[in-house]
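Each chain, letter by letter, is given below.
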Amino acid sequence: MTKTSSEQTPIAWLAAVAAAVAAPSTAPAGSVKRRIHLARQAVLIAATLVTLVQMIIWMIIAIATSHLDGPWWLWSGVVGVVAALGLTAADRLHDGYSEKG
């Protein structure tokens, strides 16, 4: 028995979203849709790398001081996700307007 999209587990849904974001853009070169997709990928890759570096520094500080500080490294991840959501919304809005016009 196969599951429908409404019966997907949260992990399967998250994997599908990650695959859609990481997949190469099929939009024509130079199009707004392609530029938005590439910008979203760049934002998410940069936020992920910055967050990973900050997590490593956070762990080094925790080991050196034997005190676990608050997770301040989450802020760069939050900013990256908000920027990606904004770009996704812009992509959806562009799709809606291009279908009407």
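Residues numbered from 1 in each chain as written. Predicted model: local features only at pLDDT ≥ 70, side-chain atom pairs only at ≥ 80, totals over all residues. Heavy atoms only, no water.

Novice: Can you lay out the overall build of the protein chain for me, pointing to particular residues and giving the numbers?
Specialist: Scanning the protein chain for helices and strands turns up 3 helices and 0 strands. Walking the protein chain from its N terminus toward its C terminus, one meets helices and strands in the order α-α-α. By the compact-globule yardstick of 13 Å for 101 residues, the protein chain is too spread out, its C-alpha radius of gyration being 18 Å. Projected onto its principal axes, the C-alpha coordinates of the protein chain cover approximately 60 × 40 × 20 Å. Taking all 101 residues of the protein chain together, 18% fall into the buried category. (Helix = DSSP H or I, 4+ residues; strand = E, 2+ residues; numbered from the N terminus. Rg over C-alpha atoms; globule rule 2.2 N^0.38 Å. Buried < 20%, exposed > 50% of the residue type's maximum accessible area, 1.4 Å probe, protein only.)

Novice: I'd like to hear about the layout of surface pockets, residue by residue, with values.
Specialist: Of the pockets and cavities examined, the largest pocket occupies roughly 470 Å³. Lining the largest pocket we find 17 residues, and of these Val17, Ala18, Val21, Arg40 and Thr88 sit closest to its centre. Where the lining of the largest pocket is concerned, the elements lending two or more residues are helix 1 (10-22), helix 2 (32-65) and helix 3 (74-100). Among the elements that take part in the lining of the largest pocket, helix 3 stands out by supplying 7 residues, more than any other. Across the lining of the largest pocket, the residue classes break down as 10 nonpolar, 2 polar and 5 charged. (1 Å grid on protein atoms, 1.4 Å probe; cavity = no way out; pocket = protein on both sides within 12 Å on 5 of 7 lines; lining within 4 Å. Points joined across faces, edges and corners; volume = space filled by probe spheres on them. Nonpolar A, V, L, I, M, F, W, Y, C, P; charged D, E, K, R; others polar.)

Novice: Which residues make up unusual backbone geometry, and what values go with them?
Specialist: Phi at Ser66 is positive, roughly 50°, even though this residue is not glycine. Within the fold, Ser66 resides in the loop between helix 2 and helix 3. The exposure class of Ser66 is exposed, given its relative accessible area of 69%.

Novice: Tell me what's going on with the pattern of salt bridges, and back it up with residues and numbers.
Specialist: Opposite charge on two side chains lets them pair, provided their charged atoms get close. Tallied over the full model, the rule gives 1 salt bridge. The residue Lys33 makes a salt bridge to Asp91 at a minimum N-O spacing of 3.1 Å. With a gap of 58 residues between them, Lys33 in helix 2 and Asp91 in helix 3 connect regions that are remote in the sequence. (Salt bridge = Lys/Arg side-chain N within 4 Å of Asp/Glu carboxyl O.)

Novice: So what about the environment of Leu49? Which residues, and what values?
Specialist: Turning to its location among the elements, Leu49 is positioned in helix 2. Look at Leu49 and you get exposed, because its relative accessible area is 52%.

Keep in mind these values describe shape, not function.
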